[in-house]
Amino acid sequence: MQTRGSGTTRYRSVRPVQILSALCLAAALALTGCTGADDSGGASSDSDKAAGAPGANEAGAGAADSDAGSGKKEQAAAPRLTAHIIHTASLTVQVKDVPKSLDEASTVVENAGGMVGNETTDRDSKGRERSRVVLRVPSDKYEEVLTELEGSGKLIDRRAKAEDVTEQVVDVESRIKSQRASVVRIRELMDQATKLSDVVTLEGELSTRQADLESLLAQQASLKDRTSLATITLSLSETPVKKVAEDDDPGFADALGGGWDAFVTMFRWIALALGAVLPFLVGAALLLFLWVRFLRGRTPARPVAAAPGGAGTGSLPVAPPVRGEGDDKD
């Protein structure tokens, strides 16, 4: 009985140890599983963060794009100053037929919506016709019309100028607004004035300010005209005609004509030389005439020698005649 009891007691003491070992093993396995789950969860969370990062970046990029777009919209909404430029040009073109080219230029300008201004036509010393005309064309058609006019003939000279008057236009517009407001205030004060002296003073001030306003309006109209219409000064001249050289040999008529031309040319040069010398010849003849007429008559005559014999008479003595042989015989 003791042996059984001891064996039973040993058996009973062994089972709890095994159960405790099993429980420890299960707990260890459970802890291991939890750790693996935590690791996998952390990895998944990291991967989720990594996957969510591009979305966040895209959201940030979208926000930046929206900010940039709003900035651009604000810039686009801001008012922009319109450029006001005065275009002027001058062209000198050599053409074969001036009237025909002038008509073509006028047609080009009128088709572009412009107008023809002052025109001057004359001839040079060689009889060639030339014209000068002022053309006004819209600013948006300026380059097109200028190019077409340049191609109408042989371009001799081209000068173009662009003057930016945007600041001047803006300044005049601002001054007009201020001046108009000032005129309105003066009129309101005139309506409220009760004294005659105040009314007279306000009328003088109103006249001055209205005169300044009219001057500003005239400047604005001039700037508008010069900026809306470009000015082109076109000068047309005829091309010199070249003489065609004759291939035929000269004949008798050609030689006679050439000789006659040479004779006429020589006679012309002689006449020119005589015409150039004639005043000097007339002057010399006049001086000679005066010398002969007046100076020579006043010149004293040379004294004549007295003859011998007759001292009283002062005559020269007469020589005795020479006798010949015949005289002795008589």
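The sections below set out a description of the structure shown in this document.

What counts and what doesn't
- Residues numbered from 1 in each chain as written.
- Predicted model: local features only at pLDDT ≥ 70, side-chain atom pairs only at ≥ 80, totals over all residues.
- Heavy atoms only, no water.
- Salt bridge = Lys/Arg side-chain N within 4 Å of Asp/Glu carboxyl O.
- Buried < 20%, exposed > 50% of the residue type's maximum accessible area, 1.4 Å probe, protein only.
- Pairing = 2+ DSSP bridges.
- Helix = DSSP H or I, 4+ residues; strand = E, 2+ residues; numbered from the N terminus.
- Axes fitted to C-alpha atoms, helices over the stretch in contact; angles between N-to-C directions.
- Contact = heavy atoms within 4.5 Å.
- Phe/Tyr/Trp six-rings, centres within 6.5 Å; stacked < 30°, edge-to-face > 60°.
- Expected span 1.5 Å × (residues − 1).

## Brief notes about the pattern of salt bridges
Consideration 1: Inspection of every chain in the model, using the stated rule, returns eight salt bridges.
Consideration 2: Close ionic contact of E129 with R123 constitutes a salt bridge, the shortest N to O distance being 3.9 Å.
Consideration 3: With a relative accessible area of 17%, E129 lands in the buried category.
Consideration 4: For R123, a relative accessible area of 52% gives the class exposed.

## Things to note about the sheet that holds strand β3 (residues 129–138)
Consideration 1: The strand order across the open sheet formed by five strands is β2-β3-β5-β1-β4, and the pairing between neighbours is mixed. Two strands lie at the open edges of the sheet, namely β2 (115–123) and β4 (154–164), each paired on one side alone. Each adjacent strand pair in this sheet contributes to an overall mean axis angle of 10 degrees, direction not counted.
Consideration 2: Strand contacts of helix α5 (residues 196–228): β1 (85–95), β3 and β5 (229–238), with the helix running at about 55 degrees to β5, the strand carrying the most contacts.

## Quick notes on the packing of aromatic side chains
Consideration 1: Applying the stated rule across the entire model yields one aromatic pair.
Consideration 2: Both rings, one in W260 and one in F263, keep their centres 5.7 Å apart while their planes meet at 35 degrees; by these two values the pair is tilted. Placement of the pair is W260 and F263 together in helix α6 (residues 252–295), with a separation of three residues, close to one helical turn.
Consideration 3: The exposure class assigned to W260 is exposed, which follows from its relative accessible area of 54%.
Consideration 4: In this structure F263 comes out as partly exposed when scored by relative accessible area, which is 45%.

## Let's talk about helix α4 (residues 166–192)
Consideration 1: For α4, which comprises 27 residues, the first-to-last C-alpha distance of 40 Å matches the rise-based estimate of 39 Å (1.5 Å per residue) to within 8%.
Consideration 2: Buried residues along α4 sit against β4 and α5.

That is the geometry; function is a separate question.
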